[in-house]
Amino acid sequence: MIGTLRTFLRRLTWLLAASTLLAGGPAQAQGYTQTRYPIVLVHGLFGFDAIGPVDYFYGIPAALSRDGARVFVAQVSATNSSEVRGEQLLAQVKNVLAITGAGKVNLIGHSHGGPTIRYVAAVRPDLVASVTSVSGVNKGSKVADIVRGVAPAGSFTEAVLNATTSAFVGLINLLSGGSGLPQMPTAALDSLTTAGAQKFNAKFPQGVPLTSCGNGAELVGGVRYFSWAGDQTVTNLLDLSDGPLGVLGLVHGEPNDGLVAACRARLGRHLGNYYQNHLDEVNQMVGLTDWFSADPVTLYRQQANRLRNLGL
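Remember, predicted model here, so these are calculated numbers, not experimental data.

*Asks:* Tell me what's going on with helix α8 (residues 194-203), and back it up with residues and numbers.
*Replies:* An α-helix turns once per 3.6 residues; consequently, residues spaced three or four apart project the same way. When α8 is considered as a whole, its buried residues turn out to be T194, G196, A197, F200 and N201. Projected down its long axis, α8 shows its buried positions confined to an angular sector of 155 degrees, all on one face. Along α8, exposed side chains directed more than 90 degrees from the buried face belong to Q198, K199 and A202. At its buried positions, α8 is contacted by α3 (82-100), α4 (113-123), α5 (142-150) and α7 (185-192).

*Asks:* Which residues make up the nonpolar core, and what values do they have?
*Replies:* I39, L41, F57, I60, L64, W228 and Y300 are the most contacted members of the largest nonpolar core, which totals 27 residues. Looking at this core, the elements that each hand over two or more residues are β1 (39-42), α2 (60-65), β6 (128-134), β8 (223-230), β9 (269-274) and α10 (296-309). Looking at this core element by element, the count peaks at five residues for α10. Once residues lying within four places of it in the same chain are set aside, the contact partners of I60 are L41, V282, N283, V297 and Y300. With 26 residues, the next largest nonpolar core counts V42, L90, L97 and A121 among its residues.

*Asks:* I'd like a rundown of the state of the cysteines, residues and numbers included.
*Replies:* Under the counting rule described, the total for this entry stands at one disulfide. Between the sulfur of C213 and that of C263 lies a disulfide, 2.0 Å long from S to S. Taking the sign of the torsion about the S-S bond as the criterion, the disulfide between C213 and C263, at about -75 degrees, is left-handed. Here C213 is found in the loop between α8 and β7 (219-220), whereas its partner C263 is found in the loop between α9 (242-248) and β9, with 50 residues between them in sequence.

*Asks:* Tell me what's going on with the pattern of salt bridges, and back it up with residues and numbers.
*Replies:* All told, the structure shown has six salt bridges when counted by the stated rule. In this structure, the salt-bridge partner of D190 is R148, at a minimum N-O distance of 2.9 Å. One end of the pair, D190, is in helix α7; the other, R148, is in helix α5, and 42 residues separate them in sequence. The exposure class assigned to R148 is buried, which follows from its relative accessible area of 15%. Put simply, R148, E158 and D190 are held in one network by salt bridges that share partners.

*Asks:* Any details on unusual backbone geometry? Residues and values, ideally.
*Replies:* Cis geometry marks the peptide bond from Q284 to M285, where omega comes out at -5 degrees. With respect to the secondary-structure elements, M285 resides in the loop between β9 and α10. Backbone geometry places N283, a non-glycine residue, at a positive phi of 65 degrees. Here N283 shows up in the loop between β9 and α10. Of note in this structure, V286 is not a glycine but carries a positive phi near 40 degrees. Relative to the elements of secondary structure, V286 occurs in the loop between β9 and α10. Residue classification places V286 among the partly exposed residues on the basis of a relative accessible area of 42%.

*Asks:* Provide a residue-level description of a nonpolar patch on the surface, including the pertinent values.
*Replies:* Among the surface-exposed residues, I146, V150 and V251 lie close enough to one another that they form a single nonpolar patch of about 240 Å² accessible area. With respect to the helices, strands and loops of the structure, V251 is situated in the loop between α9 and β9.

*Asks:* I'd like a description of the packing of aromatic side chains, backed by residues and values.
*Replies:* Tallied over the entire structure, the rule returns six aromatic pairs. Seen from their ring centres, F57 and Y300 are 6.1 Å apart, and the 80 degrees between their planes marks the pair as edge-to-face. Within this pair, whereas F57 is found in the loop between β3 (54-55) and α2, its partner Y300 is found in helix α10, the two being separated by 243 residues in sequence. Here F57 matches Y300 in class, with each residue buried. Aromatic side chains Y119 and F204 sit 5.4 Å apart centroid to centroid with 75 degrees between the ring planes, which places their arrangement in the edge-to-face category. Taken together, the positions of Y119 in helix α4 and F204 in the loop between α8 and β7 put the pair 85 residues apart, joining distant regions of the chain. A single burial state applies to Y119 and to F204, both of which are buried. Taken together through their ring pairs, the aromatic side chains of Y56, F57, W228 and Y300 make up a single cluster.

About the cut-offs
- As a convention, each chain's residues are numbered from 1 in the sequence order in which they are written.
- In keeping with the model being predicted, local features are shown solely for residues with a pLDDT of at least 70 and side-chain atom pairs are shown and tallied solely at 80 or more, while totals for entire chains, interfaces and linings include all residues.
- Think of the side-chain values as coming from all heavy atoms in the structure, minus any hydrogens and water.
- Note on classification: 1.4 Å probe, protein chains only; a residue is buried when its accessible area is under 20% of the maximum for its type, exposed when over 50%, partly exposed between these limits.
- Runs of H or I in DSSP of at least four residues are treated as helices and runs of E of at least two as strands, each being numbered from the N terminus.
- In this context, the arc is that of the directions from the helix axis out to the C-beta atoms.
- Residue contacts are defined here by distance: any two heavy atoms, one from each residue, within 4.5 Å place the two residues in contact.
- Residues belong to a common nonpolar core when they are buried Ala, Val, Leu, Ile, Met, Phe, Trp, Tyr or Cys residues joined through side-chain atoms within 4.5 Å.
- Working definition: a disulfide is two cysteine sulfur atoms within 2.5 Å of each other.
- Any carboxyl oxygen of Asp or Glu that lies within 4 Å of a side-chain nitrogen of Lys or Arg is treated as forming a salt bridge with it.
- Exposure above 30% relative accessible area and the lack of any salt bridge qualify a residue for a patch; like charges then connect within 9 Å, and the nonpolar side chains Val, Leu, Ile, Met, Phe, Trp and Tyr within 5 Å.
- We get accessible surface area from the Shrake-Rupley algorithm with a probe of 1.4 Å; when it comes to residues, only the shown protein chains can shield them.
- For Phe, Tyr and Trp, where Trp contributes only its six-membered ring, two rings pair if their centres lie within 6.5 Å, and the inter-plane angle classes them as stacked under 30 degrees, edge-to-face over 60, or tilted in between.

Below, the structure written as structure tokens:
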């Protein structure tokens, strides 16, 4: 009963907030998202910048740009290690700085984009003002652990998985124009396991919480670290992706978004968990999210405003 009441109150709060936005409240003031430094959005596993009219971060770049933010959407390997993706992103960050004349960037990464942006901030903190991880795989995923368990290194199952994944990624690259990027599905899988995340965190510990479900350091080496996560799997019955995410969510044994447990996603100052699954967090599929909870687009706009108020 108490849990139901809390859910109702949370939905009512966000419904009132949405009404304020629609009425032209203060969150729509000109310059609301106008950060000092450009924002770079970084996709996760199997991600892309855009396929035709559909952005990976669906509707989010436009919503940020509308009130002043300079927004760039990176395209890194859909499947590869966090370090390889990070090096690709670093090259694009340098291009953004050359184009804009800015001294730093604000990085926002979803899913595998979380470790990817962390890598850049760790090796070149002088180029990064902030890191925001949206359900980042910062302490690994049990889903990746299970997949690696049934497809151990060198096995026939791994070969089949690798071939199938490569074909799928090839299709994504063909549609999104990213065919020149190197792909290595097994390297991506290893990066996303619990063991892989532990190895990565040992090399790049910035912002990682020392407890199982706490906050990490917000300011490290001049870079501010933030995170938020989803903690639901089935959020909109019209969204066909909710079913598979609902099934995958059963393996975690704790609140999760289908692919990443909410506690494992924490990094730096954790801004909250929301009634969203792993695709809702980037406003997919094409905006089919829960109608009475936090609007994913609003969360990105609020973060841009938070960075603006911090002088970033």
